[in-house]
Amino acid sequence: MKFPEGFLWGGAVAAHQLEGAWNVDGRGPSICDVLTGGAHGVKRVITADGVEPGKNYPNQRGIDYYHTFREDDALFQEMGFKCFRTSISWSRIFPNGDDAEPNEAGLKFYEELFRDYRAKGMEPVVTLSHFEMPLALAKQGGFTNRKAIDCFVRFATTVMERYKDLVKYWLTFNEVNNQMEMHTEIFPYTNSGIIPDPNDTPHEVEQKVWQAIHHEFVASALVVRKGHEINPNFKIGCMLAMVPIYPATCRPDDVMHAEVLMRDRLLFGDVYCYGEYPHYLTHRWERDGFDIKMEPGDADIIKHGIVDFISISYYMSAAVSADAVGSWDGHGLPGQVRNPYIAATDWGWQIDPVGLRYVLCTLYERYRKPIFVVENGIGMYETPDEHGYVADDARIAYLRSHIEEVGKAIALDGVEVMGYTVWGCIDVISFGTGEMKKRYGMIYVDADDYGNGTYKRSRKKSFEWYRKVIASNGEEL
Ligand code: P53
């Protein structure tokens, strides 16, 4: 298995899932600070009016990385990371989103953080928006409000200016396509700051989501353009959650159903990479009676803000049957069925390494742009021994099989892959459930779902395994 020279091996996290320190040094509350902890099958609750007494808000604590980053980074360095992906918490820089001046303490924090990555030999890969809108902006409609474009572009240009010599790789909106699950409240909320309104009909919710998406496309394109002005060497990418959708059978109705649903992912790549709305989307808006407000210059902005590369998260695949659509309960995909050929995690995520090669091929053939796998990993329940050691063989098996498929995409299919970062390389708060016990790390963190524990870090078995993978540039799997 040959990986290219300079392949960016590393790990990935997001500010809201590990920094904690939610109300220090001038930081304003963000949308994730008012999300309660849930569990598999127990939804996280959005308390957008504020913090409610007696409720558990895990993102306010994270794993306290705000205070421990130097020591944690030293562990990443020990594994030999070539890069490290994190996000900038928007409300550390603009506490309310529309403040007149940025918060210097926040800017200083990320300057120290990015300097620390560089000092430890890790190239920073920075997500600008990873479910971290300032709560104050969400209360004004989030990205449904055109004002959010200006606020986001100002935030992005402020940090791109400040870190222009420290950061080269930027990602705009994390997993922007999650919100296509429009009626699962958490997705429009975390992608776009849309606070659920119980009075909205499904059609009204959908109208809001499409409007927000349009504003995000404009914002992203402006950021790509301005970023290249700030530093022509910047590489600015989009970020898609790539869960490929397979037809449950080769029955033509199933194939067509899967094809139509895949548009909900590919439409984002189409706009980011081709610079215009695909026909199937504009047709769908017209067909279904959506009225997306656009300003005269928007099409031109989108045309001239094409991304340099595509980044993806990859965890699982899905299968759909045209027959099951009628029984759809509004969660997950319409007609989603279990794939009998593959296993699933304890959270029901279907493990499919070949699907990773499949999406790398699909995206490269369609867009011909380099692809960066910026999230891949497995969430598991884990109990360490008395030394904090976890023999996480299942994680090693998961990562190995997925890295093998990345290698095949490079060696057999000729796909240009820039790098690979393991999601939650240190245990963090799960995004979907808010749990600590859904662990992804190669480093164990002694903390539970309610913030009890010593927060001590310890190396799992996968730590040494991944160190060798990186040291051998992927040859020793
Ligand atoms: P958690 C769904 C499908 C694929 C990726 O997720 C997803 C989701 C949302 O649950 O989210 C990404 O922690 C996201 C990360 C997140 C990670 O996957 O729910 O970008 O913030 O932590 C894993 O198990």
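Residues numbered from 1 in each chain as written. Predicted model: local features only at pLDDT ≥ 70, side-chain atom pairs only at ≥ 80, totals over all residues. Heavy atoms only, no water.

Enquirer: Got a minute to help me understand the overall build of the protein in this structure?
Expert: The helix and strand inventory of the protein stands at 14 helices and 13 strands. Expected size for 477 residues packed as a compact globule is a radius of gyration near 23 Å; at 21 Å, the protein falls within 12% of this value. On the principal axes, the C-alpha backbone points of the protein span a range of 60 × 55 × 50 Å. Distance between charge centres in the protein, computed from 50 positive and 68 negative side chains, equals 3 Å. (Helix = DSSP H or I, 4+ residues; strand = E, 2+ residues; numbered from the N terminus. Rg over C-alpha atoms; globule rule 2.2 N^0.38 Å. Lys, Arg positive; Asp, Glu negative; His and termini not counted. Charge placed at Lys NZ, Arg CZ, Asp CG, Glu CD.)

Enquirer: Mind showing me how you'd approach the pairing of strand β2 (residues 83-87) here?
Expert: Put simply, side chains in a regular strand alternate between the two faces of the sheet. Here β2 lies mainly inside the structure; five of its five residues are buried. Alternating residues of β2 divide into Cys 83, Arg 85 and Ser 87 and Phe 84 and Thr 86, and every residue in both groups is buried. Bridge count between strand β1 (residues 8-12) and β2: three bridges; the pairing is parallel. Across the sheet, Gly 11 pairs through a bridge with Phe 84, a residue of β2. (Buried < 20%, exposed > 50% of the residue type's maximum accessible area, 1.4 Å probe, protein only. Pairing = 2+ DSSP bridges.)

Enquirer: Would you take a moment to explain the site of the ligand for this structure?
Expert: Lining the immediate surroundings of the ligand are 16 residues, of which Gln 17, Phe 431, Gly 432, Lys 438 and Tyr 440 lie closest. Between the ligand and His 130 there is a distance of 2.9 Å, counted from an oxygen atom to a side-chain nitrogen or oxygen. Here Ser 430 contributes a side-chain N or O atom positioned 3.2 Å from an oxygen atom of the ligand. Protein chains shield 94% of the accessible area of the ligand, which is 480 Å² for the free molecule. Class assignment for the residues of the shell around the ligand results in eight nonpolar, five polar and three charged. (Near = heavy atom within 4 Å. Polar contact = N/O pair within 3.5 Å; in protein donor to acceptor, adjacent residues only side chain to side chain. Areas by Shrake-Rupley, 256 points an atom, 1.4 Å probe, with all protein chains shown as cover. Nonpolar A, V, L, I, M, F, W, Y, C, P; charged D, E, K, R; others polar.)

Enquirer: Can you help me understand the side chain of Asn 339 in this one?
Expert: Here Asn 339 is to be found in the loop between β9 (336-337) and α12 (353-367). Residue contacts for Asn 339: discarding those within four places in its chain leaves Tyr 246, Ala 319 and Gln 350. (Contact = heavy atoms within 4.5 Å.)

Enquirer: Looking at this model, I keep getting lost on the packing of aromatic side chains. Mind explaining?
Expert: To describe a pair of aromatic rings, one takes the distance between the centres and the angle between the planes. Counted under the stated rule, the structure contains 39 aromatic pairs. The interplanar angle of 55 degrees and the centroid separation of 4.9 Å between the aromatic rings of Phe 3 and Trp 9 together place this pair among those described as tilted. Trp 9 matches Phe 3 in its accessibility class, with the two residues each being buried. Seen from their ring centres, Tyr 246 and Tyr 358 are 5.7 Å apart, and the 80 degrees between their planes marks the pair as edge-to-face. Taken as a pair, Tyr 246 in strand β6 (residues 245-247) and Tyr 358 in helix α12 lie far apart in primary sequence, 112 residues in all. You can call Tyr 246 buried: its relative accessible area is 18%. The ring of Phe 109 is capped by Arg 92, whose NZ or CZ atom sits 5.6 Å from the centre of that ring. (Phe/Tyr/Trp six-rings, centres within 6.5 Å; stacked < 30°, edge-to-face > 60°. Lys NZ or Arg CZ within 6 Å of the ring centre and 35° of its normal.)

Enquirer: I keep staring at the sheet that holds strand β5 (residues 235-241) and nothing clicks. Help me out?
Expert: Sheet strands pair via backbone hydrogen bonds, and the direction of the pair is either parallel or antiparallel. With respect to topology, eight strands assemble into a closed barrel ordered β1-β2-β3-β4-β5-β7-β10-β11, the strand pairing being parallel. Neighbour-to-neighbour, the strand axes of the sheet open up by a mean angle of 25 degrees, direction not taken into account. The pairing of strand β7 (residues 309-313) with strand β10 (residues 371-375) spans four bridges and is classified as parallel. Paired with Ile 312 across the two strands is Val 373, which belongs to β10. The sheet strands contacting helix α8 (residues 202-230) are β3 (123-129), β4 (169-173) and β5, and the helix crosses β4 at an angle near 160 degrees. (Axes fitted to C-alpha atoms, helices over the stretch in contact; angles between N-to-C directions.)

Enquirer: Would you mind going over the nonpolar core with me for this structure?
Expert: What tends to happen in soluble globular proteins is that the nonpolar side chains get buried as a cluster. Of all hydrophobic cores here, the largest spans 148 residues; its most connected members are Trp 170, Ile 312 and Tyr 466. Broken down by element, this core gets its largest block of residues, 12 residues, from α8. In contact with Ile 312, other than residues within four places in its own chain, are Met 239, Leu 240, Met 242, Leu 356, Val 359, Leu 360, Leu 363, Ile 371, Phe 372, Val 373, Val 374 and Glu 375. Leu 8, Phe 309, Phe 372 and Val 374 belong to the second largest nonpolar core, which has 10 residues in total. (Core = buried A, V, L, I, M, F, W, Y, C linked by side-chain atoms within 4.5 Å.)

Enquirer: What exactly am I supposed to notice about the UniProt feature "active site" (unreviewed entry) in the protein here?
Expert: Using the residue numbers shown here, the UniProt feature "active site" (unreviewed entry) corresponds to Glu 375. Following the sequence through the fold, Glu 375 ends up in strand β10. Other than its neighbours up to four places away in sequence, Glu 375 contacts Arg 85, His 130, Asn 174, Glu 175, Met 239, Ile 312, Ser 313, Tyr 314, Tyr 315, Thr 421 and Trp 423. (UniProt positions renumbered as here; feature names shortened; annotations may be inferred.)

Enquirer: Got a minute to help me understand the side chain of Gln 17 in this structure?
Expert: Its location among the elements puts Gln 17 in helix α1 (residues 15-18). Side chain to side chain, Gln 17 and His 16 meet in a polar contact 3.3 Å long. The contact partners of Gln 17, leaving out residues within four places of it in the chain, are Asn 59, Gly 62, Ile 63, His 130, Trp 423, Val 428, Ile 429, Ser 430 and Phe 431.

Enquirer: Got a minute to help me understand helix α9 (residues 252-274) in this structure?
Expert: It helps to recall that an α-helix has 3.6 residues per turn; residues three or four apart then point in one direction. Spanning 23 residues, α9 covers only 29 Å between terminal C-alpha atoms, well under the ideal 33 Å at 1.5 Å per step. A maximum bend of about 45 degrees is found in α9 at Arg 265. Count one or two residues on from α9 and you reach Gly 275, which has phi positive near 75 degrees. (Expected span 1.5 Å × (residues − 1). Bend = angle between axes of the 7 residues up to and from the residue.)

Enquirer: Even after reading the chapter, I still don't get the packing of helix α13 (residues 393-411) against helix α14 (residues 461-471), so can you show me in this structure?
Expert: The packing of two helices is summarised by the inter-axis angle and the distance between the axes. Between α13 and α14, whose axes approach to 9 Å, the crossing angle comes to 25 degrees. What the angle tells us is that α13 and α14 run roughly parallel. The handedness of the crossing between α13 and α14 comes out as right-handed. Seen from α13, the contacting residues are Asp 393, Arg 395, Ile 396, Leu 399, Arg 400 and Ile 403; seen from α14, they are Lys 461, Ser 462, Trp 465, Tyr 466 and Val 469. Across the contact of α13 with α14, the residue classes tally to six nonpolar, one polar and four charged. (Parallel < 35°, antiparallel > 145°, perpendicular 65-115°, else oblique. Left-handed = near helix turned anticlockwise from the far one by under 90°.)

Enquirer: Explain the sheet that holds β9 to me, please; I cannot follow it from the model alone.
Expert: Strand order in this open sheet of three strands is β6-β8-β9, and the pairing throughout is mixed. Either end of the sheet is taken by a strand with one partner, and the two such strands are β6 and β9. As paired strands, strand β8 (residues 318-320) and β9 are joined by two bridges and run antiparallel to one another. Residue Ala 319 lies in a different strand from β9, and its bridge partner there is Val 337. The strands touched by α9 within the sheet are β6 and β8, with β6 carrying the most contacts at an inclination of about 170 degrees.

Enquirer: Looking at this model, I keep getting lost on the state of the cysteines. Mind explaining?
Expert: The final tally for this structure, using the stated rule, is zero disulfides. Not engaged in a disulfide, the cysteine Cys 83 finds its nearest cysteine sulfur in Cys 425; these two sulfurs lie 9.6 Å apart. Looking at Cys 273, it has no disulfide partner, and the nearest cysteine sulfur is the one in Cys 238, 5.2 Å off. (Disulfide = S-S within 2.5 Å.)

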